[in-house]
2 protein chains.
Amino acid sequence: MKQKEIKIPEATIKRLSTYINCLERLDAEGFQVVSSELLGESCQVSPAQIRKDLSYFGEFGVRGVGYGTKNLAEQIKKILGLDKIWPTVLVGVGHLGHALLNFTFFREHGYRMVAAFDNDPGKIGREVTTDVIIHPIEKLVEITREERAAIGIITVPASSAQETADRLVEGGVKGILNFAPNKVKVPENVTIRNVSIVSELDNLAYLLSKKHGRRRLTRKKTISRPPKL
Amino acid sequence: MKQKEIKIPEATIKRLSTYINCLERLDAEGFQVVSSELLGESCQVSPAQIRKDLSYFGEFGVRGVGYGTKNLAEQIKKILGLDKIWPTVLVGVGHLGHALLNFTFFREHGYRMVAAFDNDPGKIGREVTTDVIIHPIEKLVEITREERAAIGIITVPASSAQETADRLVEGGVKGILNFAPNKVKVPENVTIRNVSIVSELDNLAYLLSKKHGRRRLTRKKTISRPPKL
DNA sequence: TTGTTAATGTGATAACTATCACGATAGCCG
DNA sequence: CGGCTATCGTGATAGTTATCACATTAACAA
Ligand SMILES: NC(=O)c1ccc[n+]([C@@H]2O[C@H](COP(=O)([O-])OP(=O)(O)OC[C@H]3O[C@@H](n4cnc5c(N)ncnc54)[C@H](O)[C@@H]3O)[C@@H](O)[C@H]2O)c1
Ligand SMILES: NC(=O)c1ccc[n+]([C@@H]2O[C@H](COP(=O)([O-])OP(=O)(O)OC[C@H]3O[C@@H](n4cnc5c(N)ncnc54)[C@H](O)[C@@H]3O)[C@@H](O)[C@H]2O)c1
């Protein structure tokens, strides 16, 4: 496949990440070779979708046979840049930050937590995991620079999210994963992704109230005005 | 707008959830009225997109003026079913489960944690928050039924995710939010949403390695075969 | 070597989603 | 009360993503 300046769907990238997981599980179950059908069954994506997703990046299978399980996982990791280590810092060691720092899955998949920061004096200096201690927020820029962290994770309250993002950018990170519910602004050359757990729940609530709630009103003009101004 | 059997884009629902947040912030900042432009600026969505999203559900604005901030937030909550309380249970009170149970935002936005479950005897009976105690996993079906929980949150290790989902379904939940990295199967009438934090990070890694990595190879046939079988 | 088989890779097509451009209209002011 | 202005609501259009269908081809067996 030619690799011109083809636009790759964002959804494809998201799926590739899940393929890795499924492939690792299938590999553990003893499948040395998987067809797009088996992989699709395993991660709930249509076989055609899988083949299309992969076709953006090259040819990884053998016609009439399938894909080498280990090999394909390896190739996808390379595509996603997970063959390299990504030094990562986290800001805001509260409930969620603590959970993320203790999530071993990350370090097993290409990310290395190199530092954590908080502004609560009571937390400074504590070891969260064996290799990460909590630094004062004032040292964020310095340490982030020093460690050449490429990714920053924001788990501070919404009110501090923007200033935290600014500091991370100053520290030189190129990507930010933001768990605070408000969007933050970053320069052009920094990538930001927002994780909105609440939106996911809300989505669920919407689907449930549509299916199990009272009947939907049909063909009725629904106008709901704001109070007179 | 007529409300026939129009298909509403999933992306619209996701955005509606974020609009609520932005509206609440703008309201707190003193804006009694917002235009689609201001709201769009605030939550980084185009004004046209916002108007289109809303138009699926009715007319909520005043031409030449804008939307009543409080009113619009209220209306969107009604659309998403957040005007009702959703009794919710959580299974697996580890690092992540603990963080979610302590996330006050949920209860302020229509969700009520009615019970938590774990299979670790050491955790049973402990109070996680003032109103939630940890029950043994064996009582899941019974208590979930009793409390009429509509939503279940899965924060157990991947290996236990499927059996947990099965129990939740047996307990009568109609929607599941799954944080385990593997997809689980549920009956037709139950809605499942997967939250993949790792995928989000991987997405970031992909974008970064594309932008900041070595030059992309262009127009070269990239074939990477699995080892000879 | 050649035919058979199974599963890939991909162009064409359908479905979905976002953007645009503008007509409609509420409020305001003279 | 009529014209002006700001902003909504929406049909038309462009762009994006998923699905389909099948030609292609590696492996294997005879
Ligand atoms: N807890 C969850 O399950 C959950 C889920 C989704 C989103 N979030 C979001 O994640 C963020 C953190 O949530 P949490 O529950 O962990 O909150 P938390 O209050 O437990 O933790 C916040 C931490 O950030 C620190 N902090 C505050 N201001 C800071 C600053 N300016 N610089 C550095 N550190 C600072 C605090 O000391 C605290 O340790 C919030 O924005 C929340 O909305 C949380
Ligand atoms: N920690 C994170 O930041 C994070 C992020 C993304 C996804 N996840 C996923 O969330 C899940 C939980 O992660 P964690 O870090 O909280 O793990 P954890 O080990 O801290 O917690 C798991 C909890 O589940 C309980 N448990 C195990 N099997 C159970 C069963 N069969 N029934 C009931 N309870 C059971 C354990 O006793 C434990 O309390 C995992 O699937 C993980 O991949 C975690």
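What you see is a predicted model, and the numbers here were worked out from it, not measured in a lab. (Residues numbered from 1 in each chain as written. Chains lettered and ligands numbered in written order. Predicted model: local features only at pLDDT ≥ 70, side-chain atom pairs only at ≥ 80, totals over all residues. Heavy atoms only, no water.)

### What to know about the domain arrangement of chain A
As a measure of interface size, the accessible area lost when the parts come together is often cited.
At step 1: Assigned domains within chain A: domain 1 (10–80) and domain 2 (86–200).
At step 2: Between the C-alpha centres of domain 1 of chain A and domain 2 of chain A there is a distance of 31 Å. (Domains from an automatic or database assignment.)

### Examining the side chain of B:Thr144
All names here are of chain B.
At step 1: Summarising the element assignment, Thr-144 is placed in helix H7 (residues 140–147).
At step 2: Given the relative accessible area of 0%, Thr-144 is considered buried.
At step 3: Non-local contacts of Thr-144, meaning those with residues more than four positions away in its chain, are made with Val-89, Phe-117, Ala-149, Gly-171 and Val-173. (Helix = DSSP H or I, 4+ residues; strand = E, 2+ residues; numbered from the N terminus. Buried < 20%, exposed > 50% of the residue type's maximum accessible area, 1.4 Å probe, protein only. Contact = heavy atoms within 4.5 Å.)

### So, the protein's contact with DNA strand D
At step 1: In the neighbourhood of DNA strand D, 29 residues make up the surrounding shell, with A:Arg15, A:Arg63, B:Ser36, B:Arg51 and B:Tyr67 lying closest.
At step 2: Counting only atoms of DNA strand D within 4 Å of the protein, the sugar-phosphate share comes to 68%.
At step 3: One of the side-chain nitrogen or oxygen atoms of B:Arg51 is found 2.8 Å away from a base nitrogen of DNA strand D.
At step 4: Sorting the residues of the surface near DNA strand D by element identifies helix H1 (10–28) and helix H3 (47–55) of chain A together with helix H3 (47–55), strand E2 (61–62) and strand E3 (66–68) of chain B as the ones contributing at least two each.
At step 5: With 4 residues, the top contributor of residues to the surface near DNA strand D is H3(A).
At step 6: Among the residues making up the surface near DNA strand D, the classes are represented as 10 nonpolar, 8 polar and 11 charged. (Near = heavy atom within 4 Å. Polar contact = N/O pair within 3.5 Å; in protein donor to acceptor, adjacent residues only side chain to side chain. Nonpolar A, V, L, I, M, F, W, Y, C, P; charged D, E, K, R; others polar.)

### Here's the deal with unusual backbone geometry
Across the chain, the bulk of peptide bonds are trans and the bulk of non-glycine residues have phi less than zero.
At step 1: Non-glycine residue A:Arg148 carries a positive phi angle of around 55 degrees.
At step 2: Residue placement: A:Arg148 occurs in the loop between helix H7 (140–147) and strand E8 (151–154).
At step 3: Non-glycine residue B:Gln44 carries a positive phi angle of around 55 degrees.
At step 4: Relative to the assigned elements, B:Gln44 resides in the loop between helix H2 (36–43) and H3.

### A look at the sheet that holds strand E6 (residues 127–129) of chain A
Residues and elements named next belong to chain A.
At step 1: Taken in spatial order, the 7 strands of this open sheet run E6-E7-E5-E4-E8-E9-E10, and their pairing is mixed. In the strand order of this sheet, the two ends are held by E6 and strand E10 (191–194), each with one partner. Within the sheet, the average angular offset between the axes of one strand and its neighbour, ignoring direction, is 25 degrees.
At step 2: Examined bridge by bridge, strand E4 (residues 86–91) and strand E5 (residues 111–118) share 6 bridges and lie parallel to one another. By the bridge assignment, Leu-90 is partnered in E5 with Ala-116. (Pairing = 2+ DSSP bridges. Axes fitted to C-alpha atoms, helices over the stretch in contact; angles between N-to-C directions.)

### A word on the pairing of E4(A)
All names here are of chain A.
At step 1: With 6 of its 6 residues buried, E4 lies for the most part within the structure.
At step 2: Here E4 shows a buried face lined by Trp-86, Thr-88 and Leu-90 and a second buried face lined by Pro-87, Val-89 and Val-91.
At step 3: In the sheet, E4 pairs with E8 via 4 bridges, with the strands oriented parallel. Across the sheet, Val-89 pairs through a bridge with Gly-152, a residue of E8.

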